[in-house]
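If you want the building blocks of each chain, they are given just below.
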Amino acid sequence: MLEKNIMISPEALVREGIKVHRTVQQSGQFIVCFPGTFVSKICCGYSVSETVHFATTQWMNLGYEAAKDLKCRRIAKPFSMEKLLYQIATVESKRENGHSLSAVSSLLKDLRDMELRQRQELYEAGLLSSARYGTHDNNQTPVEGKKKHRKWLALETSERRCQICQHLCYLSMVVQENENVVFCLECALRYVEKHKSCRGLKMMYRYDEEQINSLVNQICGKVAGKTENCNGVSLNKSPAKRGPRKRATVDVPLSRLSSSHMSKSASSSS
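Since the structure is predicted, the reported quantities are computational estimates derived from the model, not experimental observations. (Residues numbered from 1 in each chain as written. Predicted model: local features only at pLDDT ≥ 70, side-chain atom pairs only at ≥ 80, totals over all residues. Heavy atoms only, no water.)

Participant: Hey, could you go over the side chain of Arg-119 for me, with residue numbers and the actual values?
Facilitator: Within the secondary structure layout, Arg-119 lies in helix α4 (residues 98-124). The exposure class of Arg-119 is buried, given its relative accessible area of 6%. Setting aside residues no more than four positions away along its own chain, Arg-119 makes contact with Leu-171, Ser-172, Leu-185, Met-203, Tyr-205, Tyr-207, Asp-208, Glu-209 and Ile-212. (Helix = DSSP H or I, 4+ residues; strand = E, 2+ residues; numbered from the N terminus. Buried < 20%, exposed > 50% of the residue type's maximum accessible area, 1.4 Å probe, protein only. Contact = heavy atoms within 4.5 Å.)

Here you go:
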């Protein structure tokens, strides 16, 4: 069903207990398909249509779990969920959008924990060669620096797919330099365990550990700041009531008052 050129008879789906709905879309109408549904369409004549993918904050948890499921099934995803989460966190933190930040904060923490754990496991397995995307090792000699750039360094993010599970590698990846092969961290760890060697492998990362922790702590701090500050003191107290406003008084000597004013005040008092 993930292929656009595959269609299944509705009768076969009904026999398997899958609900099937039929609708006719007229000119000028649009149809919203919710997550977890598959769509097959038939055009009964000449038509021009456009499909737009959009997501709400409620979809984030479902999308995150779906991305992990596709990775386990080794199915290529149309976009990187990691990139989406990091872009939302970066943009919405500037806008102080608490609703969106609260929706991605737990996902960012889970992604952070998994990313740093896999990096540590690879380091412990003997993978010590690493570099940031688009940079070279500081220990390179001038001769090594003149070598031809590897193919994977020039690839766009959408093309950095793990050759095993088809995962889009956004935060980091492991490359086999001699063969121009890309692994995600999970598949790279399996490769190292199978071959008992890290020879020819290098870890490429977009953000280091400090940057990842800084972003996650910033987002979680903004979300927690709605109810308490860094010291855990609640900020949801009712504002203090203002007391009566004090008016400034000025002492004016009687000599400055005119005789007319004095007479008017005397008549009014009498």
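Participant: Could you give an account of the pairing of strand β4 (residues 201-205), with specific residues and numbers?
Facilitator: Taking burial as the measure, the 5 residues of β4 include 5 buried ones, the bulk of the element. Residues Leu-201, Met-203 and Tyr-205 point to one face of β4 and Lys-202 and Met-204 to the other, with burial holding for every one of them. Here 3 bridges tie strand β1 (residues 130-132) to β4, and the two strands are oriented parallel to one another. Counted as the bridge partner of Arg-132 is Tyr-205 from β4. (Pairing = 2+ DSSP bridges.)

Participant: How would you sum up the packing of helix α2 (residues 60-72) against helix α3 (residues 81-95)? Please name residues and give values.
Facilitator: Relative orientation of the contacting elements α2 and α3 amounts to 150°, with a least axis distance of 10 Å. When the axes of α2 and α3 are compared, the pair comes out roughly antiparallel. On α3, the residues touching Met-60, Gly-63, Tyr-64 and Ala-67 of α2 are Met-81, Leu-85 and Ile-88. Classifying every residue of the contact of α2 with α3 gives 6 nonpolar, 1 polar and no charged. (Axes fitted to C-alpha atoms, helices over the stretch in contact; angles between N-to-C directions. Parallel < 35°, antiparallel > 145°, perpendicular 65-115°, else oblique. Nonpolar A, V, L, I, M, F, W, Y, C, P; charged D, E, K, R; others polar.)

Participant: Would you mind going over the pattern of salt bridges in detail, with residue names and values included?
Facilitator: What the rule picks out here adds up to 9 salt bridges. Residue Asp-69 is joined to Arg-73 by a salt bridge in which the shortest nitrogen-to-oxygen separation is 3.1 Å. The partly exposed category is assigned to Asp-69, whose relative accessible area is 36%. Here Asp-208 and Arg-132 are joined by a salt bridge, their closest N and O atoms 3.5 Å apart. With a gap of 76 residues between them, Asp-208 in the loop between β4 and α8 (209-224) and Arg-132 in strand β1 connect regions that are remote in the sequence. Residues joined in a network through salt bridges with shared partners are Lys-71, Glu-186 and Arg-190. (Salt bridge = Lys/Arg side-chain N within 4 Å of Asp/Glu carboxyl O.)

Participant: Can you lay out unusual backbone geometry for me, pointing to particular residues and giving the numbers?
Facilitator: Its identity as a non-glycine residue notwithstanding, Arg-74 has a phi of 60°, on the positive side. For Arg-74, the position within the fold is in the loop between α2 and α3.

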